[in-house]
Every structure is written in C-alpha cells, then in structure tokens.
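Residues per chain, in single letters:
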Amino acid sequence: DEKIVLSSTGALALTRVPKKMIVIGGGVIGLELGSVWARLGAEVTVVEYAPKCSPSLDTEIVDGLVKLLAKHEKIKFMTSTKVNGGKVNGDTCTIEVEDAAGGNKRTLECDALLVSVGRRPFTANLGLDNVGVKMNERGFVMIDDHFKTSASNIYAIGDVVDKGPMLAHKAEDEGIACAEMLAGKAGHINYDTIPSVIYTNPEVAAVGKTEQELKKAGIKYKVGKFPFAANSRAKAIDNLDGFVKVLADAKTDKILGVHILNSQAGELIAECALAMEYGASSEDVGRTCHSHPTLSEAIKEACMACYDKPIHA
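The following refers to the structure shown. (Residues numbered from 1 in each chain as written. Predicted model: local features only at pLDDT ≥ 70, side-chain atom pairs only at ≥ 80, totals over all residues. Heavy atoms only, no water.)

**Digging into the sheet that holds strand E11 (residues 221-227)**
Point 1. What the five strands build is an open sheet, ordered E9-E10-E13-E12-E11; its pairing is antiparallel. Pairing within the sheet leaves two strands with one partner each, and these edge strands are strand E9 (196-198) and E11. Across this sheet, the average inter-strand angle for adjacent strands is 10 degrees, counted without regard to direction.
Point 2. As judged from the seven bridges shared by E11 and strand E12 (residues 243-249), these two strands associate in the antiparallel manner. Its bridge partner lying in E12, Lys 222 is registered against Ala 248.
Point 3. The strands touched by helix H7 (residues 265-277) within the sheet are E9, strand E10 (203-208) and strand E13 (255-262), with E10 carrying the most contacts at an inclination of about 10 degrees.
Point 4. Here helix H9 (residues 297-307) sits on the sheet in contact with E11, E12 and E13, set at roughly 140 degrees to E11. (Pairing = 2+ DSSP bridges. Helix = DSSP H or I, 4+ residues; strand = E, 2+ residues; numbered from the N terminus. Axes fitted to C-alpha atoms, helices over the stretch in contact; angles between N-to-C directions. Contact = heavy atoms within 4.5 Å.)

Following this line, the structure appears as structure tokens:
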C-alpha cells in the first residue's frame, strides 16, 4: 500500500520516520534505504534469506560493511532467515519468519515494512513477441555485441537487456555506444569494467571480479589490502573505517578486481575502473605518484601490497 508495506518508491516518500522498520532483502536497495532510515532514527532490522547480505559482492567487503552498519547505525541483521507471511494490523505490520533451513519460527512487528527482494525487467505486455524480439527465461531482452535484438530493426540497451548490471551509468554508456554504431562508428563498452556502488554510510564500491568469482573460475590470483586507518588523510578527517582490496593475476599482475569500503568509496573507484580499462597491473598503479595527503593513496598502497608491500601499513 506504500504506507505500511513499502517498495523502494514508497520508502522514499514516507512522511514520517518509522519507529521500527523491517527490510526484507539485504541487497543493494535494502541496505541503502535501511541505512537512510536508520540514520534518521528508525530501528531497522534486515531479514535476508541467504547466509550473507549482497552475496554477489566480495565476501570480505560485505562482512566489513555489515559490522560497520551494526556498530554505527545499530541495524540488526537476520541472515539465513525466510519470511513465511505477514499481515497489516492498522498502523503496524507483523511478519512470521523462520530459519532458512526450517524451524525456529518467530514473529516480528514493525510500522514500516520495506520489500526489496530484487529488480526485474519491465518487458511484459510490450508486444515484443509480436515483433520477433526474443527474451530469456527471466524476461531480459537478448542482444548481440551491437545491441541488436532478434528483430533486425530493433535495438535495446539498459536495464531490460541480458548484458551487464542494472545500473544507470551502464545504460548511459550503452546508449552512447549504440548511437555510435548506428552512425557507422566504433562504439565501445566493456562490461568487465563497470563500477558499482552501494550508497550506504560507509559506501561500498567495486569493479571487476570478486575473490569468490576468481576461486570458482580457478584463476590464480594475489591480494593486496590497505586500511584507511593507516591513511593520513583519513586520519585528518576522521574517516578511518574500511579498506581497499585489490585482486591481481598471480602471473601477469593484471588487475582483475578492486573493492573499497569507505565513505568516499564511490568517488575512489573511478581510478580503478580506468586502470582496468587500460589493462593496468597493480605495479602500474603502485608506481604512479598520488597526491599526499589523499584517500586515493590507499589505492596506491593496496596495489603496492599486491606486487610487493605497502610503506605505511
């Protein structure tokens, strides 16, 4: 009803600060909006079916984020927990939950229930079947490397396509590349170097592969980390939470992924995306002079830790 039971749209339009908010789903949207309302004074509980929140992110980064949100914003996390049902009772809502494996049923009560269990493409009832546009089993429009659908005169970009994350900046770059290709030019987009940010406090920013993805693919890698607690600019502005984590190929030293936990992570990740776009090694970034004192020095030192060792940790 967008008053008690909320989507992300309703959660942005509340006219009051809830006393208790339950967030179903510990993904990007759930964590972002839960963090917002926690900072405004709500008592927030996140209920997540998976063993960890945002399982697609690097595990070490997510663990750090959850600890900091619990410490600074008093958010409670219930992972490995499923929701069986719920009921609105006037100005409040109750939900029944239990362990994901079954058992240990209990009831939670709140005056705002945010349902954030993921996004799906809005492609139903558009008549795409009538014009020959094929979709996959999840409803995403299937495209080739030139954004062309199965219908020869129809192209698609953005959240509805089956390539890349559902992010505005990805869609923007796809639009530019598609327009260039239609004009007979060489458009370009690299889905392996699209950064993503969770706008909590602190933020999480990432580009490239996670450590668990590299392990699953059997790729040998090395890890370099550097804490902001050892960064002079972070100390000066009392921004000590978090760290930078760099993943590089064990043989070539090519950067495969970068993950940052810090209140300025979203601003810092652009350097890492640029480095990866041009195939940089951790040593390339580690030997590039960075202004002092800046938070970006933490990226330099994490890269130094990857190919040798940092000088300030």
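Moving on from the coordinates now.
**Some thoughts on the side chain of Asp 249**
Point 1. Its location among the elements puts Asp 249 in strand E12.
Point 2. No salt bridge is formed by the buried Asp 249; its nearest oppositely charged neighbour, Lys 251, is found at 7.7 Å.
Point 3. Within the structure, the side chain of Asp 249 is placed 2.9 Å from the backbone nitrogen of Thr 252, a separation counted as a polar contact.
Point 4. Contacts of Asp 249, omitting those with residues within four sequence positions, involve Ile 219, Lys 220, Tyr 221, Lys 222, Lys 254 and Leu 256. (Buried < 20%, exposed > 50% of the residue type's maximum accessible area, 1.4 Å probe, protein only. Lys, Arg positive; Asp, Glu negative; His and termini not counted. Salt bridge = Lys/Arg side-chain N within 4 Å of Asp/Glu carboxyl O. Polar contact = N/O pair within 3.5 Å; in protein donor to acceptor, adjacent residues only side chain to side chain.)

**Describing the state of the cysteines**
Point 1. In this structure the tally under the stated criterion is zero disulfides.
Point 2. There is no disulfide at Cys 93, and the cysteine sulfur nearest it, in Cys 110, is 4.9 Å away.
Point 3. With no disulfide partner, Cys 289 has as its closest neighbouring cysteine sulfur the one in Cys 303, 14 Å distant.
Point 4. Residue classification places Cys 289 among the exposed positions, given a relative accessible area of 75%. (Disulfide = S-S within 2.5 Å.)

**Observations regarding the environment of Ala 250**
Point 1. Looking at where Ala 250 falls in the secondary structure, it is placed in the loop between E12 and E13.
Point 2. On the basis of relative accessibility, which here comes to 39%, the residue Ala 250 falls in the partly exposed class.
Point 3. In this structure, the C-alpha to C-alpha distance between Ala 250 and Lys 220, residues 30 residues apart in sequence, is 5.4 Å.
Point 4. Dropping the residues within four chain positions of it, Ala 250 is found in contact with Lys 220, Tyr 221 and Lys 222.

**With respect to the sheet that holds strand E2 (residues 20-24)**
Point 1. The strand order E1-E8-E2-E3-E4 describes an open sheet built from five strands, whose pairing is parallel. In this open sheet, the two strands that pair with only one neighbour each are strand E1 (5-6) and strand E4 (76-78).
Point 2. Pairing between E2 and strand E3 (residues 43-47): five bridges, direction parallel. Each bridged residue has a counterpart across the sheet, and for Met 21 the counterpart in E3 is Val 44.

**A short note on the pattern of salt bridges**
Point 1. A complete count under the given rule lists 13 salt bridges for this structure.
Point 2. In this structure, Lys 76 engages Glu 43 in a salt bridge whose closest nitrogen and oxygen atoms are separated by 3.6 Å. Taken as a pair, Lys 76 in strand E4 and Glu 43 in strand E3 lie far apart in primary sequence, 33 residues in all.
Point 3. Here Lys 76 falls in the partly exposed class, since its relative accessible area comes to 46%.
Point 4. Note that Lys 225 and Glu 60 form a salt bridge whose closest N and O atoms lie 2.7 Å from each other. Highlighted residues: Lys 225 in strand E11 and Glu 60 in helix H3 (residues 59-72), separated in sequence by 165 residues.
Point 5. Classification of Lys 225 as partly exposed rests on a relative accessible area of 39%.
Point 6. Glu 60 sits in the partly exposed class, given a relative accessible area of 30%.
Point 7. Among the charged side chains, a salt-bridge network with shared partners connects Asp 58, Glu 60, Glu 211, Lys 225 and Lys 245.

**Digging into the nonpolar core**
Point 1. Residues Phe 228, Val 244, Val 246, Ile 255, Val 258 and Ile 260 are the most contacted members of the largest nonpolar core, which totals 27 residues.
Point 2. Mapped by element, the contributors of at least two residues to this core are E10, E12, E13, H7 and H9.
Point 3. The element best represented in this core is H7, accounting for seven residues.
Point 4. Judged by nonpolar contacts, the second largest core, of 26 residues, contains Trp 37, Ile 61, Leu 65 and Ile 198. (Core = buried A, V, L, I, M, F, W, Y, C linked by side-chain atoms within 4.5 Å.)

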